[in-house]
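Architecture and fold: a report
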Amino acid sequence: MRRLFVGLTAVCVLAAATACGSSDDSGGSGGSDSSGGITEVEVGLIPIVDVAPLYLGQKKGFFEKQGLKLGFSSAQGGAAIVPGVVSGQFQFGFSNMTSLMIAESNGVPVKAVANGIASTGVVGKDFEALTVKGDSPVESPKDLEGKKVAINTLKNINETAVRASVRKAGGDPDEVELIELAFDQMPAALAAGRIDAAMVVEPALATIKNQGGREISSPMVDVAPKLTVAMYFTSTRYAQEHPEVVKQFQEATAESLAYADAHPEEVREVVTTYTKIPADVLAKVTLPKWPAEPNRAAVEELARLGEADGLFKRTPDLDELLP
């Protein structure tokens, strides 16, 4: 889970996309087998709970029913997935919304095509939380002024979310010291007192709770009710040249999302096939929601807050980015 929200800096995205942009297969539709029209497409994923619906949908035959066979390529985060999709190495990829908006605002040709994950929308019962030690004097995000708060990536979705929580609680987010730390390092840092608070996602959240830590807010919920956190995307060129494959992917993904949302135990089971999350930890993990459609109003609010935080070169064009 440590790289769920890995960000894309403008330099990284543009440099990587440019380096890969000369690939001859950037318009390729993936391979097709000889047994009757099955199109093989490669999907760049981060091996985390969030992408379980695709693994489950492949297992259940939802993609085969649409004439697709998925290949899964693990990547460390969006900084690798976005240029991989733009170059044609992957036909589709998975990334958080702020990373996609940063890419779009910098002219990187990406197009979101299917929903990924969403917040549960329930304070205290989300897959993410702003956490402190059990005996911490901090009771509210406002109390974090002058304190050290860990987020996994500066200038990305978690920074926007933490700032939103502090602001909502009546505090000044500019007075909070944000530091960058990997999710899986946060529980130990919090327990040792090296940080005052940690913005974590599952399974680090379950680990902190097991250590006696507590939640003081649900920042993704503070950004917007039922926030669309991440989506599946392709390159604008691929979307233009292979609209039928994109439609097949969208329909199979929508069916997979609905199935995952209705069968949480099967989600937990399939996660064990592609991650190393221990089963006892996975049993305590709060799963995200997998709605079929993105929440446009929530994404607009995330964009507004991100722009206020100075994350974008220009205002992201959501009409161009979203399906």
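1. Observations regarding the packing of helix α6 (residues 157–168) against helix α14 (residues 296–308)
One can describe the packing of α6 onto α14 by two numbers: an axis separation of 10 Å at closest approach and a directional angle of 90 degrees. The orientation of α6 relative to α14 falls into the category roughly perpendicular. Of α14, the residues touching α6 (which contributes Ile157, Thr160, Ala164 and Arg167) are Leu302, Leu305 and Gly306. When its residues are assigned to classes, the contact of α6 with α14 shows four nonpolar, two polar and one charged.

2. Regarding a negative patch on the surface
Together, Asp143, Glu145, Asp172 and Glu175 line one region of the surface with negative charge. Mapped onto the elements, Glu145 comes out in the loop between β5 (128–132) and β6 (148–151).

3. Describing α14
The end-to-end C-alpha separation of α14 is 18 Å, in line with the 18 Å expected for 13 residues at 1.5 Å each. Three or more residues of α14 are buried, namely Ala298, Val299, Leu302, Ala303, Leu305 and Gly306. Buried residues along α14 cover an arc of 165 degrees about the axis, so they all sit on one side. Buried-residue contacts for α14 involve α5 (97–105), α6, α9 (219–223), β10 (228–235) and α15 (318–321).

4. A closer look at the sheet that holds strand β9 (residues 214–217)
One open sheet holds the five strands; their spatial order is β7-β6-β8-β5-β9, and the pairing between them is mixed. The open sheet has two edge strands with one neighbour each: β7 (177–180) and β9. Each strand of the sheet is rotated relative to its neighbour by a mean of 35 degrees, with strand direction disregarded. Pairing of β6 with β7 involves four bridges; the strand directions are parallel. Bridge pairing links Ala150 to Ile179 in β7.

5. Some thoughts on the pattern of salt bridges
Per the counting criterion, the structure on display carries 16 salt bridges. Its salt-bridge partner being Arg167, residue Asp309 comes within 3.8 Å of it at the nearest N-O pair. Highlighted residues: Asp309 in the loop between α14 and α15 and Arg167 in helix α6, separated in sequence by 142 residues. The exposure class of Asp309 is buried, given its relative accessible area of 10%. Judged by its relative accessible area of 36%, Arg167 falls in the partly exposed class. Of the charged contacts, one joins Asp261 and Lys289 as a salt bridge, the two residues approaching to 3.7 Å between their closest N and O atoms.

6. Here's the deal with the confidence of the model for the protein chain
Here the protein chain shows a mean pLDDT of 89. Residues at 70 or above account for 88%. Scored below 50 in pLDDT, residues 1–28 shows 81 contacts in the model against residues more than four places distant or in partner chains.

7. A short note on the pairing of strand β1 (residues 39–45)
Within β1, five of the seven residues are buried, leaving the element largely enclosed by the surrounding structure. Where β1 lies against strand β2 (residues 68–74), seven bridges are found, and the strand directions are parallel. Looking at the pairing, Gly44 lines up with Ser73 of β2. Across two bridges, the pairing between β1 and strand β3 (residues 92–96) is parallel. What sits directly across from Gly44, in β3, is Gly93.

8. Here we look at the environment of Asp261
Within the fold, Asp261 resides in helix α11 (residues 243–262). The class for Asp261 is partly exposed, based on a relative accessible area of 29%. Taking C-alpha positions, Asp261 is 7.5 Å from Pro291, a pair spaced 30 residues apart along the chain. For Asp261, the contacting residues outside a window of four places in its chain are Pro288, Lys289 and Trp290. At a separation of 3.1 Å, a polar atom in the side chain of Asp261 contacts the main-chain amide nitrogen of Trp290.

What counts as what
- Residues numbered from 1 in each chain as written.
- Predicted model: local features only at pLDDT ≥ 70, side-chain atom pairs only at ≥ 80, totals over all residues.
- Heavy atoms only, no water.
- Axes fitted to C-alpha atoms, helices over the stretch in contact; angles between N-to-C directions.
- Helix = DSSP H or I, 4+ residues; strand = E, 2+ residues; numbered from the N terminus.
- Parallel < 35°, antiparallel > 145°, perpendicular 65-115°, else oblique.
- Contact = heavy atoms within 4.5 Å.
- Nonpolar A, V, L, I, M, F, W, Y, C, P; charged D, E, K, R; others polar.
- Patch = residues over 30% accessible without salt bridge, like charges linked within 9 Å, V, L, I, M, F, W, Y side chains within 5 Å.
- Areas by Shrake-Rupley, 256 points an atom, 1.4 Å probe, with all protein chains shown as cover.
- Salt bridge = Lys/Arg side-chain N within 4 Å of Asp/Glu carboxyl O.
- Lys, Arg positive; Asp, Glu negative; His and termini not counted.
- Charge placed at Lys NZ, Arg CZ, Asp CG, Glu CD.
- Expected span 1.5 Å × (residues − 1).
- Buried < 20%, exposed > 50% of the residue type's maximum accessible area, 1.4 Å probe, protein only.
- Arc of directions from axis to C-beta.
- Pairing = 2+ DSSP bridges.
- pLDDT = per-residue confidence, 0-100.
- Polar contact = N/O pair within 3.5 Å; in protein donor to acceptor, adjacent residues only side chain to side chain.

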